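Remarks on the overall topology
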Amino acid sequence: QVQLVESGGGLVQAGGSLRLSCVAPGSIFSINAMGWYRQAPGKQREAVATITRGGGTDYADSVKGRFTISRDNAKNTVYLQMSSLRPEDTAIYYCAAPYARLGQGYWGQGIQVTVSS
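From a predicted model like this one, the values you see are computed outputs, not experimental measurements. (Residues numbered from 1 in each chain as written. Predicted model: local features only at pLDDT ≥ 70, side-chain atom pairs only at ≥ 80, totals over all residues. Heavy atoms only, no water.)

Turning our attention to the packing of aromatic side chains. Across all of its chains, the model carries one aromatic pair by this definition. For the cation-ring pair, Arg45 lies above Trp107, with the distance from its terminal atom to the ring centre recorded as 3.8 Å. Over the ring of Phe29 we find Arg71; its NZ or CZ atom is 4.2 Å from the centre of that ring. (Phe/Tyr/Trp six-rings, centres within 6.5 Å; stacked < 30°, edge-to-face > 60°. Lys NZ or Arg CZ within 6 Å of the ring centre and 35° of its normal.)

Phi angles above zero are rare outside glycine, and Asn76 is one such case at about 55 degrees. Locating Asn76 in the fold gives a position in the loop between strand S7 (67-72) and strand S8 (77-82). The phi dihedral of Leu102 is positive, around 55 degrees, even though this residue is not glycine. Locating Leu102 in the fold gives a position in the loop between strand S9 (91-97) and strand S10 (106-107). (Helix = DSSP H or I, 4+ residues; strand = E, 2+ residues; numbered from the N terminus.)

Another point: the environment of Gly35. In this structure, Gly35 sits in strand S4 (residues 34-39). Taking the C-alpha atoms as reference points, Gly35 and Arg101, separated by 66 residues in sequence, lie 15 Å from one another. When sequence neighbours within four positions are dropped, the list of residues in contact with Gly35 reads Ala49, Thr50, Ile69, Tyr94, Cys95, Ala96 and Pro98. (Contact = heavy atoms within 4.5 Å.)

Written out as structure tokens, the structure reads:
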């Protein structure tokens, strides 16, 4: 079973920063775009940021200028640096190779990020 393992979540005050990390199997990481998604209570899952194999990035409007996605191909790791966090960023964050398997993707278990006001 393919495992994407997230780390780095937790509780932070508004205005603070967190960095999420996700390690994926090399067989998945090396050939796929990667992304971070989130789901807040009572809301649908939404895309936060994606990064292609070549490093091209895309962000949700709500996080532009505050979040940065990056990848370390040598470590099979994708990162999400989150700054100027807001209470509305509170959610479970998921790492994914979203376009793999003809769109079914590979997904991590999710990690909680809570931003207190």
